[in-house]
Amino acid sequence: MKRVGKPVFFVVAILIIAFLLTAIFGISTTYGDRTNVYIKGGNDIRWGIDIRGGVDVTFTPPEGVEANETQMRAAEAVIKQRLITLHITDSEVYTDYGSNRIIVRFPWKEDETDFDPQAAIAELGETSLLTFREGYEVDDQGLPTGVTAENIILQGADVTEAGVFYNQENGTFGVSLSLSEDGAAAFAEATTRLAESNGIISIWMDETVISTPTVQTAITDGQASITGDFTAETAQELADRINSGALPFKLETANYSTIDPTLGEGARDVMVIAGAVAFVLVAVFMICLYRLPGLIAVIALMGQLALSIAAVSGYLPFISSFTLTLPGIAGIILSIGMGVDANVITAERIKEEVRSGKSIDGAIELGYQRAFTAILDGNMTVVIVAIILMGAFGPPNSFFATLLTPIFFMCGPALAGTVYSFGYTLLIGVIGNFIFGILSTKLMLKSISRFKAFRKPKLYGGDR
């Protein structure tokens, strides 16, 4: 039986408490009006719109219109661009290609008093106006002026298709354009004239410029290309935007809902208070019923809670900040319950071994050995459920959604911001249960049991 040193208990306990405090409060310094954040804490959590308030809307093509994947990608590009134009940068846009739905979520702006969600939704769903204009002359607000405003070379309908190509000679990506007959004639005239001076043809979506390529040669065959410092992703993004100019339908609002920020924050506060009260009651229950193993379990639960907070706040550098919703908070609370369950099983096994006459060291070792199988089985079933939730209701490009696409191809991301958050926090909680509820508690209990004052059987549930 491998023994654990006496200082291990204090080292692990201090690390857990430090982890919890930094996860809640973070670490930052303030100089005047400038704040430098070194470790993000609870105040840096990005709340979902069901908490901070906002708009949740689902767009679809009109009835009878069967949009293909290219058109849906183009429509998504239009919505993203228009959100930026409306100065809404903190948004979520998901496309469900299986059922031709685009789900958009964006929060209220801080201190917003006159924002009209219905007007914003109507503007997002309007068909876009894509134009190719001569030159790149803009006013102080970035709007086209002069020759650029007056000379429209092409419109979106003149582009029959935009795609991505890869140049094997120099290893770069670009965007290819196929033009209609009328578009090819207009483009040939403009490029022949502008090629002499390496002029610019700027590309605009509504009143926002999206590209400013330079004309290098006359293009007379209706097949153009845009080259530059592109990656595969940025080339595809530009191609989608150009394709959106020829979008043959106006997006319709299938459903939408708005949430008042006051109500959302109130619900959050109630759930946080409920979670805190539940944690205190669980701590009292564990310590009264299981004594020393119960106290160790409470310390481990602090570590599990800290990991759950860290996984959504951006505390960990390898895990980006995550949008936390009300169901996500419920997932944290439920995972704490799973952690308690694991510690109850272990403490009961230790109590049984002590009462059967085993030594303290033997009872602890056998207690963890005999409890592990039941804990593993229970937690693995929760892991499976969490993965299914994240795959079925997560963003289409997420790992689990891609993994489970053959099974849940009919389920889109309609609930991505809510159910996905629940699955994520539940999964993190189970991982934390293995780290803190099993490994850390075993180290701390085997360590503290080496002190003479803590070798009394009654501290472990024994009768003698």
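On a predicted model such as this, the values are computed, not experimentally measured, just so you know.

(A) Broad picture of the pattern of salt bridges. On inspection of all chains with the given rule, the structure shows 15 salt bridges. Here D96 ties to R101 by a salt bridge, and the two come within 2.7 Å at their closest N and O atoms. Between E134 and R193 there is a salt bridge whose closest N-O contact spans 3.1 Å. In this pair, E134 is assigned in strand β7 (residues 130–134) and R193 in helix α6 (residues 181–195), connecting sequence segments 59 residues apart. Classification of E134 by relative accessible area gives buried; the value is 13%. One network of salt bridges, in which partners are shared, links E69, R73 and D240.

(B) Highlighting a nonpolar patch on the surface. Together, I17, L21, I24 and F25 make up a nonpolar patch on the protein surface, roughly 380 Å² of accessible area in all. Turning to its location among the elements, F25 is positioned in helix α1 (residues 7–25). Residue F25 is classed as exposed on the basis of its relative accessible area, which comes to 62%.

(C) Fine view of the nonpolar core. Formed by 49 residues in total, the largest nonpolar core has its most connected members in F19, L324, I350, Y424, M444, L445 and Y460. When residues of this core are traced back to their parent elements, those giving at least two are α1, α8 (261–313), α9 (326–355), α10 (360–393) and α12 (419–448). When residues no more than four places from it in sequence are discounted, the contact partners of L324 are I45, R46, W47, G48, I51, V312, I329, I332, S421 and T425. Core analysis: the second largest hydrophobic core is formed by 28 residues, A162, L179, L194 and A195 among them.

(D) Looking closely at the packing of α9 against α10. Running from N to C, α9 and α10 point in directions that differ by 150°, and their axes come no closer than 8 Å. Considering their axes alone, α9 and α10 lie roughly antiparallel with respect to each other. Two packed elements cross with a definite hand, and for α9 against α10 that hand is right-handed. Contact with α9, carried on its side by M338, A342, I345, T346, R349, I350, E353 and V354, involves I360, A363, I364, L366, G367, Y368, R370, A371, I375, G378, N379 and V382 of α10 and no other residues of that element. Its residues assigned to classes, the contact of α9 with α10 shows 13 nonpolar, four polar and three charged.

Rules and cut-offs
Residues numbered from 1 in each chain as written. Predicted model: local features only at pLDDT ≥ 70, side-chain atom pairs only at ≥ 80, totals over all residues. Heavy atoms only, no water. Salt bridge = Lys/Arg side-chain N within 4 Å of Asp/Glu carboxyl O. Helix = DSSP H or I, 4+ residues; strand = E, 2+ residues; numbered from the N terminus. Buried < 20%, exposed > 50% of the residue type's maximum accessible area, 1.4 Å probe, protein only. Patch = residues over 30% accessible without salt bridge, like charges linked within 9 Å, V, L, I, M, F, W, Y side chains within 5 Å. Areas by Shrake-Rupley, 256 points an atom, 1.4 Å probe, with all protein chains shown as cover. Core = buried A, V, L, I, M, F, W, Y, C linked by side-chain atoms within 4.5 Å. Contact = heavy atoms within 4.5 Å. Axes fitted to C-alpha atoms, helices over the stretch in contact; angles between N-to-C directions. Parallel < 35°, antiparallel > 145°, perpendicular 65-115°, else oblique. Left-handed = near helix turned anticlockwise from the far one by under 90°. Nonpolar A, V, L, I, M, F, W, Y, C, P; charged D, E, K, R; others polar.

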